[in-house]
Amino acid sequence: MDVDSDAVASDPEASEDEIITAQKVLQTLEEAWLNEKFCPELLPHQSDVVECMMEQVQQMEDNIRRLPRGDFRVVVHRLELDRIRYVISNYLRLRLEKIEAFTAHILERENDLSPGECRFAREYLAHLETHLRHLALRHMPTNIQDLDHSNMTAKPNTSSFVFLRVKGEVSGVVIEGDSNNRDEEIDLETGSQHVMQYRPVAELVRAGSIQLI
């Protein structure tokens, strides 16, 4: 049931192009959410998609208020709005959890962060360093009071396995072998599903050729 398009269509001034845009934005948001949910590292932010979807949510709210009281469509549209809000809030929460877990590492790739996330990450790291200095480092000898980010930075486990679906045919994916096996090169067919380590497909996920599921 495509309640999203129904809600937009309830506005007599909404054009067909606007309906298609709402559907596409929601699809893009859901794909970004699933990728972030199942990806071990932080992916490039989709703040433009989130902002656009929030505007669509407001428009849908306005359309619902114009429906007759007691209209069954109100209940259905409200359920869909709740689902969309959950996707948005969970997507943002997942990103914040990763930023808190891998702050220093993530700040090395600032382009993956939205401006707001970047400010949060910098402030979080500064507060963390201040806390560590107050709690422990100031009680240690002077020569070991400096924080070495290279030794203390937590990094995501890109060797973890992910379940994925191929959106567009990909050739020449290199699967790293262990000490007893050579590297293997494989082709991924459109629509096929696989379980494999995240590292070999990391850039494909970022490029949108692969969907984590």
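This structure is a prediction, so every number in the text was calculated from the model and none was measured.

Enquirer: Give a description of the side chain of Arg95 that names residues and reports values.
Expert: The residue Arg95 is located in helix 4 (residues 72–101) in this model. The exposure class of Arg95 is buried, given its relative accessible area of 1%. With residues near it in sequence (within four places) discarded, Arg95 still touches Glu36, Leu42, Leu43, Pro44, His45, Asp112, Leu113 and Glu117.

Enquirer: A description of the packing of aromatic side chains should follow, citing residues and the corresponding values.
Expert: The tally for this structure, following the rule as stated, stands at 2 aromatic pairs. Residues Trp33 and Tyr86 carry aromatic rings whose centres are separated by 6.1 Å and whose planes lie at 85 degrees to one another, so their mutual orientation is edge-to-face. With Trp33 in helix 2 (residues 16–38) and Tyr86 in helix 4, the pair connects residues that are 53 residues apart, well separated along the chain. A relative accessible area of 14% places Trp33 in the buried class. Overall, the relative accessible area of 45% leaves Tyr86 in the partly exposed class.

Enquirer: Got a sec to walk through the packing of helix 3 (residues 47–65) against helix 4? Specific residues and values, please.
Expert: Orientation of helix 3 relative to helix 4, taken along the N-to-C sense of each, is 160 degrees, at an axis distance of 11 Å. By the angle between their directions, the pair helix 3 and helix 4 is classed as roughly antiparallel. Once helix 3 is placed against helix 4, the crossing between them reads as left-handed. Contacts between helix 3 and helix 4 involve Val50, Met53, Met54, Val57, Met60, Glu61 and Ile64 on the former and, on the latter, Val74, His77, Arg78, Leu81, Ile84, Arg85, Ile88 and Tyr91. The residue inventory of the contact of helix 3 with helix 4, partitioned by class, reads 11 nonpolar, 1 polar and 3 charged.

Enquirer: Which residues make up the packing of helix 4 against helix 6 (residues 115–135), and what values go with them?
Expert: Packing of helix 4 against helix 6 brings their axes to within 10 Å, and their N-to-C directions diverge by 35 degrees. The handedness of the crossing between helix 4 and helix 6 comes out as right-handed. Packed against helix 4, whose contacting residues are Arg95, Leu96, Ile99 and Glu100, the element helix 6 presents Glu117, Phe120, Ala121 and Tyr124 at the interface. Here the residues of the contact of helix 4 with helix 6 sort into 5 nonpolar, no polar and 3 charged.

Enquirer: With reference to specific residues and values, describe the confidence of the model for the chain.
Expert: Mean pLDDT over the chain stands at 85; residues scoring 70 or higher make up 82%. Below a pLDDT of 50 lies the segment residues 1–18, which in the model reaches 30 contacts outside its immediate sequence neighbourhood of four places, other chains included.

What counts and how
- Residues numbered from 1 in each chain as written.
- Predicted model: local features only at pLDDT ≥ 70, side-chain atom pairs only at ≥ 80, totals over all residues.
- Heavy atoms only, no water.
- Helix = DSSP H or I, 4+ residues; strand = E, 2+ residues; numbered from the N terminus.
- Buried < 20%, exposed > 50% of the residue type's maximum accessible area, 1.4 Å probe, protein only.
- Contact = heavy atoms within 4.5 Å.
- Phe/Tyr/Trp six-rings, centres within 6.5 Å; stacked < 30°, edge-to-face > 60°.
- Axes fitted to C-alpha atoms, helices over the stretch in contact; angles between N-to-C directions.
- Parallel < 35°, antiparallel > 145°, perpendicular 65-115°, else oblique.
- Left-handed = near helix turned anticlockwise from the far one by under 90°.
- Nonpolar A, V, L, I, M, F, W, Y, C, P; charged D, E, K, R; others polar.
- pLDDT = per-residue confidence, 0-100.

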